[in-house]
Amino acid sequence: MSEMIKVNIDGIEVEVESGATVLSACEKAGVKVPVLCHHPDLNVAGVCRVCMVEIEGMGNLQASCAYPVTQPLTVKTKTNRVRKARRMNLDLVLAEHYGDCYTCPRNGNCELRTLADEYGVDKFKFPHVDKPRYAKDTKSFSIIRDQDKCIHCKRCIRTCIDMQKVNVYETANKGHDVEIQVALNKSIADVVCINCGQCVNRCPTGALWTQDVSDQVWEDIENPDLFVIMQTAPSPRAAIGEEFGYPPGTRVTKKLNAAMRRAGFDKVLDTNFAADLTIMEEGTELLERLHKVIVKKDKSVKIPMFTSCSPGWVKFIEHYYPDHLDHLSTCKSPQQMYGAVIKTYYAEKIGIDPSKIRTVALMPCSAKKYECNRPEMNASGYRDVDYGLTTREMAMMLKEAGLHLADMPTEEFDPVLGEGSGAGMIFGATGGVMEAAIRTVYELVTGRPVPFERLNITPVRGMEAIKEASLKLEKVKKEYKWLEGVELKIAVAHGTANAKILMDKLVDGTLDYHFIEVMACPGGCLGGGGQPIPTTPEIRKARANAIYQEDEEIEIRKSHENPLIQKLYKEFLGKPGSHKSHELLHTHYTKRGQYFVKD
Amino acid sequence: MVKAKEKRIITGKFTPGSGIKAALAGKPEEVVQEVIDSGLRGKGGAGFPAGLKWRFAANEKSDMKTIICNADEGEPGTFKDKYLLDNHPMKVLEGMAIAGYAIGADKGIIYLRGEYAYMLPSLEKNIEDIKKNVFSKLKVGKKKFEFDIKVRLGAGAYVCGEEFALIESLNGNRGEPRNKPPFPIQKGYLEKPTLVNNVETFATVSHIIEKGALWFGKFGTKSSKGTKLFSISGDVKYPGVYEFELGVKLRDVLELVGAENTKSVQVGGFSGINVTESSFDKTLAHGDLPAGGSIIVFNKDRDMLKVLKNILEFFEEESCGQCTPCREGAYQLLKGIKMIEKGEKSIRYYKDLCDLCATMKDSAKCGLGLSIPSPFLSITNNFKDEILYR
Amino acid sequence: MSVNLERIREIFSDYSPEKGNFMVLLHDVQKACGNWLPEEALMEVSKLAKMPLNKVYGFVSFYTMFSTQPRGKHIIRVCKDGPCAVKGSLMLADLLMKELDVDMGETTDDNHFTLEETACIGTCTASPAMMIDDEVYGNVAPESLNSILKKYR
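In every chain, residue numbers begin from 1 and rise along the written sequence. A letter from A marks each chain and a number from 1 marks each ligand, given out in the order of writing. Note on the predicted model: pLDDT of at least 70 is required for a residue's local features to be given, and 80 or more for side-chain atom pairs to be given and counted; whole-chain, interface and lining totals, by contrast, use all residues. Processing note: side-chain calculations cover all non-hydrogen atoms of the structure and skip hydrogens and water entirely.

Chemist: Which parts of the structure should I look at to understand the overall build of chain A?
Modeler: Counting from the N terminus, the helices are the DSSP runs of H or I reaching at least four residues and the strands are the DSSP runs of E reaching at least two. Assigned secondary structure in chain A consists of 19 helices and 17 strands. Seen through its principal axes, chain A has C-alpha atoms that stretch 75 × 60 × 55 Å. Relative accessible area decides the class of each residue, using a 1.4 Å probe on protein chains only: under 20% of the type maximum gives buried, over 50% gives exposed, and in between gives partly exposed. For chain A, with 599 residues in total, the buried portion stands at 63%. Should any heavy atoms of two residues lie within 4.5 Å, those residues are counted as being in contact. When contacts within chain A are restricted to residue pairs at least 6 apart in sequence, those whose partners lie at least 24 apart make up 75%.

Chemist: I keep staring at helix α5 (residues 89-103) of chain B and nothing clicks. Help me out?
Modeler: Along an α-helix, residues three or four positions apart point the same way, because every turn accommodates 3.6 residues. Here the expected length of a helix is defined as 1.5 Å per residue gap, with one fewer gap than residues. For α5(B), with 15 residues, the first-to-last C-alpha span of 21 Å sits near the 21 Å given by 1.5 Å per residue. Directly after α5(B), the chain includes Gly104(B), whose backbone phi takes a positive value near 85°.

Chemist: Is there a simple way to think about the sheet that holds strand β13 (residues 357-363) of chain A in this case?
Modeler: For sheets, the rule is that strands pair by backbone hydrogen bonds, running either parallel or antiparallel. All names here are of chain A. Here we have four strands laid out as an open sheet, ordered β11-β10-β13-β14, and parallel in their pairing. In this open sheet, the two edge strands, each paired with only one partner strand, are β11 (267-270) and β14 (387-390). Strand after strand, the sheet turns through a mean of 25° between neighbouring axes, direction not considered. Only strands joined by at least two bridges in the DSSP assignment are considered to pair. Direction of pairing for strand β10 (residues 227-232) relative to β11: parallel, over a ladder of four bridges. What sits directly across from Ile 229, in β11, is Lys 267. Fitted lines through C-alpha atoms give the axes, limited to the stretch in contact for helices. The angle between two N-to-C directions lies from 0 to 180 degrees.

Chemist: Help me understand the domain arrangement of chain B, please; the structure alone is not making it clear to me.
Modeler: The extent of an interface is frequently quoted as the accessible surface area lost upon association of the parts. Residue and element names in this part refer to chain B. Domain delimitation in this document rests on an assignment produced automatically or drawn from a domain database. For chain B, the assigned domains are domain 1 (18-217), domain 2 (227-299) and domain 3 (304-388). Spacing between the C-alpha centres of domain 2 and domain 3 amounts to 23 Å. By convention, the term buried area covers the 1.4 Å-probe accessible surface removed from two parts as they join, with the contributions of both added. A combined buried area of about 960 Å² lies between domain 2 and domain 3, and 68% of that area is made up of carbon and sulfur atoms. Of all residues in domain 2, Lys 263, Phe 270 and Asn 274 bury the most surface against domain 3, accounting for 55% of the area lost on that side. Salt bridge, as used here: a side-chain nitrogen of Lys or Arg that lies within 4 Å of a carboxyl oxygen of Asp or Glu. At the surface where domain 2 touches domain 3, the tally comes to one salt bridge. Of the charged contacts, one joins Glu 386 and Lys 263 as a salt bridge, the two residues approaching to 2.9 Å between their closest N and O atoms. Counting of polar contacts relies on pairs of N or O atoms within 3.5 Å, with two restrictions inside protein: one atom must be capable of donating a hydrogen and the other of accepting it, and residues adjacent in sequence are counted only when both atoms are side-chain atoms. Put simply, domain 2 and domain 3 have three residue pairs in polar contact (both at pLDDT 80 or more) between them. Among the secondary structure elements, those contributing two or more residues to the side of domain 2 that touches domain 3 are β10 (262-267) and β11 (273-275).

Chemist: So what exactly am I meant to see when it comes to helix α8 (residues 253-263) of chain A here?
Modeler: All buried positions along α8(A) are accounted for by Thr253(A), Leu256(A), Asn257(A), Ala258(A), Ala259(A), Met260(A) and Ala263(A). A positive phi of about 120° marks Gly264(A), the residue just after α8(A).

Chemist: Honestly, the nonpolar core in this entry has me stumped. Any pointers?
Modeler: What tends to happen in soluble globular proteins is that the nonpolar side chains get buried as a cluster. In this structure, Tyr169(A), Trp313(A), Phe376(B) and Tyr63(C) are the most contacted members of the largest nonpolar core, which totals 132 residues. If one sorts the elements of this core by residue count, helix α11 (residues 304-318) of chain B sits on top with eight residues. The definition of a nonpolar core used throughout is a set of buried Ala, Val, Leu, Ile, Met, Phe, Trp, Tyr and Cys residues joined through side-chain atoms within 4.5 Å.

Chemist: Looking at this structure, I do not really get the interface of chain B and chain C. What am I missing?
Modeler: Counting residues at the interface gives 49 residues for chain B, matched by 36 residues for chain C. Carbon and sulfur atoms make up 58% of the area that chain B and chain C hide from each other, which totals about 3200 Å². Contact with chain C buries area across many residues of chain B, yet Glu115(B), Ala155(B) and Arg174(B) alone supply 17% of it, more than any other trio. Its salt-bridge partner being Lys80(C), residue Glu317(B) comes within 3.1 Å of it at the nearest N-O pair. Counting across the interface, chain B meets chain C through 20 residue pairs in polar contact (both at pLDDT 80 or more). Of all the secondary structure elements, the ones that give two or more residues to the side of chain B that touches chain C are β5 (148-153), α7 (163-170), β7 (227-234), β13 (294-299) and α11 of chain B.

Chemist: For this particular structure, what's the right way to read the interface of chain C and chain A?
Modeler: Across the boundary between the two partners, chain C contributes 15 residues, which contact 18 residues of chain A. Carbon and sulfur atoms make up 64% of the area that chain C and chain A hide from each other, which totals about 1500 Å². The largest per-residue losses of area from chain C upon contact with chain A belong to Glu39(C), Asn54(C) and Tyr57(C), which jointly make up 39% of the total buried on that side. Run the count over chain C and chain A and you get one salt bridge.

As structure tokens, this is what we get:
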């Protein structure tokens, strides 16, 4: 550990590690300093100049977010000089921000507006933007950009370039003409955007938002000819409570079921079921690949196999590693598998014409909106999933309908395709798909449950950037003799920057694993781009805890033991990896590359 | 071009090789000490003691260090670095080599502003010459002395005169100043220790090392040693580059260059301050009038509102645009002064603009934003009636 | 005009991949593309420099001497700062706009001239000043303008 240094903040003495920022010392001292460009997940920018403090011995005020403590400091945070400078810089930001707050999606949850309130802004000190200057970019299925709201804090840039290594945004021009732009002022839809929505989660204002489909969903709910089926992923359930004032990590699954039924959804299904289905297909695919590679020495089959349930990750690899798409599992994501099964098997079960069914997926994810609109996602003969709804949009719909979670009774999911296993539940956290897959694959191969206490494969859990584990396959079942003694090597990465580290190794030929889980978002789906704002490492940890708790409470914790899954295979799909499975549950990918095609 | 009966140091006689030879005769730390003892201040505008910066850079441990000669001379009304590179290039190149020896760097880069691209061929020829005729014949102990110099171009961004912006620009990035610390001497070009000095600083160093700190210390004032080049333009009979001993009275300078009917003088360029008759007896030295390289003279026919707007337009465009007080502050100052001119804002609004200046001076991220209030406040103060009550 | 990608590749092979060369290299690419940087050129630069397109674009847009809009064969830059502004660069700019029948920042219909403003070019002893390509003209008197332009026509 590095040296501890004393910092005096407004008379309160704290110790911080050498190199820590003055802002973090203030936090430690319990002194709140306003910030706009600072975000706990991101690199330092030091550009908004709102977090100014007085540091003894320095001529000018200093940005506390950017000033490293390397020697003992005396800091003052609430002198007149400090407050005036903060207020003035805030006034300047307000002057360049087009503040039509009533119509803003961040109304009520805007960091700029909160600061204006805290700093007693009662008038515009300077002439301000009072007419929109830009056309909104609404072309993308996922992300909407309204430059009029932009305050140039560069959080989106740092998210996109540094945190996710996607490279959509950058500052353009200089001086007062500075704008945050997509290269050559293109639409987000036309560039390398992977729709992860992490920029949306970190934007302090309403400059970035997701394409909201709730109006169409309301229309369909109200249409008597249509049968609207909701499927909910695990992560929104662990987070939507935040939109209703619950602390992060509060589990509200069953109240949410009740609320959604009251909102008018005809059926409420559990995406965990489809996650179990994914495990069956993906586990089988992994074993098939291993067989071809180990036994048949088939060079055309690629190992390691990467998971494919994160649509942000899928688009990332399509853009940045188009020559390595063979490493992606061909399995669709649970959302899409479920859509395909609902409009075929389930439609028949409940006796409803699939053309009359609309499937809505409640997801933590902005990229799911793009995914369900991919042209190839129509294996059922219809759009497999009609709408991807984010956690935030769902919360808004419920509020609009006067449905508050606190007032709701608890209700179960609808039966037939209703429930998932605990293995499906943990898909929401980074490492979850891997854990679920290993629970099933290990048992398929050896006939014994995974050798971990209470089935919890802890090495793949937690928020470490890249997690690795290996598992020796011993005393395998007869039919898996070829796997005897093989050490199954696995890795888990969350956030595309971490995935990039693995991919670069793959390109170099130094990546030595059999199976790799990648989630585009930090923390996995629970940190998705459609989740409640704000997001911080602490909030994501709390959501992960909720997910793991729910897993432990579910009786069935292995996908292959889910009786509904067994029934589905028996009655409809045959066996995992069957022809029918491939038709409905598997997909293909597109080599996209990094550059837009000129019109 | 130089017409003054000036104290010539920087523009004086110099035998190529004499500076670097004198440097190599001593140890690197002795060279650093000599520069410290000379009391030389950086000529780029901020006036930081050059020797101290060299010592910090020398103390950094690294496998690679770089010397950068800041030739991004962008301050309007400044052309003294161009003059030096045109007329005394060897001193500049030699000064860089001396710095390289002193801090342990074997590479130098001249960052030449894009608008001076036409100087590139002659500069590159001079570099070849000095490498062939001087450097190659030198030894450090038994080893050959090696120092490589390259010229790199800017492309039209005033802010790249700021040392971190310059380094960012060389690093293939937008020229946006970084947060300090760490400073360039710790993490600069290619994230390695980098010493950035102005063209004139390097030229001066060659003389200091040749003739010694003691000799140099005889010129100038107690806190501003030596001489300084000034680019003098505007309403004067004899515009040009002049070398004066620091501590020279502004009035004497004006007389010499044939300024008549003078209304005000912009001292230290756009980012400096505006002074009128009552301040002409002040001196150009650290702690008095800013001894930046540019002096622009305005005669009584000039409209100071137009001058002010011209200056603010410049900053509004040339701010890098990253920090709020500079980006939006410069814009609001310009807009505010235009609104007062048109009668759209009352004179009371001027007080708000002064408050804004206080914040800009206190919270901008780099020297550019910190200095915009100087011309604004000094011009509006000097010409309240003309600007605010017209 | 179409972009000669081969030429851009040649330019890249002229320089070592050191970051400090990026700016010089872009100057060369811009020259090769006819005084501006078309989309295709930026994409090629992005590929060759292994620098994402958003960064290339952010870089290019920062520096006023680069343009992502087509420009003429010759670029006329009129100094607009301080000493030149005092000594009639506005008038000079007006004259040029009339003479060439373009606004500031525009290119003549025959693609021959682009008229731009520039920050101080260090020719303050001879205000008003302007540059045409790499050539500096000081003390530009209205009556001398035509003879200067003639050289480029």
